[in-house]
Amino acid sequence: MNITPPSGSQIRIEHGDHRATLTEVGATVREYSVGGREVFTPFAEDEIAPASHGAVLLPWPNRLRDGRYTFDGIEHQLPLTEVPRSTAIHGLVCWERWDVVEQSPSAVTFELHLVPTPGYPFDLVARVTYALSDAGLRVTARTTNVGSSDAPYGVGFHPWLSPGDASVDECTLRLDASTRVTTDDRLLPTGTEPAAGDFDLREPRLLAGIVLDDAYVDVLRDEDGLSWMRLAAPDGRTAAVWTDSSMGTWQVCTGDAVAAARYRRTGVAAEPMSCVADAFRTGERLVRLAPGASHEAVWGATLL
């Protein structure tokens, strides 16, 4: 009997030294490497993604307080998917089977029709394309509102940068952002403050002794309009994620509290997002997606 992996069918793409495996469940990046060196911390084919590794996060990224929000005067209640903190976390598509609608040796496009459900009665179609080139991995997500009413929307992604053969504590981290989002004991936003001390990552900072699970805004961009997060190993090889102007917030996590103990501090979550946690409640950076309208987000990764 053929047994399907927990993440469904495995779609492998390659270009030169670049290799990636994408999964049917969640349209997830299960692994990405360059020249045999991991850019993302992978998980095994026979595992469930341990800590949202490589996940697509929509129609909201991060946490929503009590799973409850009001939109256009109507209150909605979502299932609590992070029970200890009483939050709904990372959207609705991580555990859905996506359809492959286009494929070539170096690229694949997934599509999912997210039908209206209690708690999120909005009708969306999402497409995510993964493409490899000499420049690395490029990801384009385009979501269209095919319903008859406006929809609250946000998007994010959850790659974990790999330290390669080193430990996270031996690596340095650099993040192009100047403002940290402060949080309460449920990791829900309470305000912002200038990034300072161990939270100031504008210059490479050694991660030994530093614990992070923090969002950042006021991102900084290079001459190409890109904002970057870089994890540099002692040998100088650097796993890096970038995002263009379509997303203007970051979440960074060192994985100290990951439920699967063997994945703790085995990588650094480098999450480009269109909004930070609780956006459905606060309205901060929330996208109001009108009927027929689309939202596109672009990010990528490479080994420097």
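Residues numbered from 1 in each chain as written. Predicted model: local features only at pLDDT ≥ 70, side-chain atom pairs only at ≥ 80, totals over all residues. Heavy atoms only, no water.

S.K.: Can you help me understand the overall build of the chain in this one?
M.R.: What the chain contains, in helices and strands, is one helix and 27 strands. Computed over the C-alpha atoms, the radius of gyration of the chain is 18 Å, within 12% of the 19 Å expected from 2.2 N^0.38 for a compact globule of 304 residues. Counting across all 304 residues of the chain, residues that qualify as buried make up 55%. Counting contacts in the chain only where the partners sit at least 6 residues apart, residues at least 24 apart contribute 65% of the total. (Helix = DSSP H or I, 4+ residues; strand = E, 2+ residues; numbered from the N terminus. Rg over C-alpha atoms; globule rule 2.2 N^0.38 Å. Buried < 20%, exposed > 50% of the residue type's maximum accessible area, 1.4 Å probe, protein only. Contact = heavy atoms within 4.5 Å.)

S.K.: How do you make sense of the sheet that holds strand β13 (residues 136-145) when you look at a structure like this?
M.R.: Hydrogen bonds between backbone atoms are what pair the strands of a sheet, whose relative direction is either parallel or antiparallel. Strands sit in the order β10-β11-β12-β13-β27-β23-β22-β17-β20 across an open sheet of nine strands; the sheet is antiparallel. Looking at the sheet topology across the chains shown, the edges are occupied by β10 (99-104) and β20 (205-206). Where strand β11 (residues 107-114) and strand β12 (residues 124-133) come together, eight bridges link them in antiparallel fashion. Paired with Leu-112 across the strands is Ala-126, a residue of β12. (Pairing = 2+ DSSP bridges.)

S.K.: I'm lost on unusual backbone geometry in this one. Help?
M.R.: Apart from glycine, the bulk of residues carry a negative phi angle, and the bulk of peptide bonds sit in the trans form. In this model, Leu-58 is joined to Pro-59 through a cis peptide bond whose omega is 10°. By the secondary structure assignment, Pro-59 is in the loop between β5 (55-57) and β6 (63-65). Of note in this structure, Asp-66 is not a glycine but carries a positive phi near 60°. Of note, Asp-66 is situated in the loop between β6 and β7 (68-71). Take Asp-66: its relative accessible area is 21%, and that puts it in the partly exposed class.

S.K.: Please clarify how the side chain of Ser-162 should be interpreted in this entry.
M.R.: Relative to the elements of secondary structure, Ser-162 occurs in the loop between β16 (160-161) and β17 (172-175). With near-sequence residues (within four places) excluded, Ser-162 lies in contact with Arg-37, Glu-38, Val-39, Phe-40, Thr-41, Leu-231 and Ala-239.

S.K.: What is the right way to read the state of the cysteines from this model?
M.R.: Disulfide: a covalent bond formed between the sulfur atoms of two cysteine residues. Taken as a whole, this structure holds zero disulfides when the rule is applied. The cysteine Cys-253 is free of any disulfide, with Cys-94 supplying the nearest cysteine sulfur at 15 Å. Not engaged in a disulfide, the cysteine Cys-275 finds its nearest cysteine sulfur in Cys-94; these two sulfurs lie 14 Å apart. Here Cys-275 falls in the buried class, since its relative accessible area comes to 2%. (Disulfide = S-S within 2.5 Å.)

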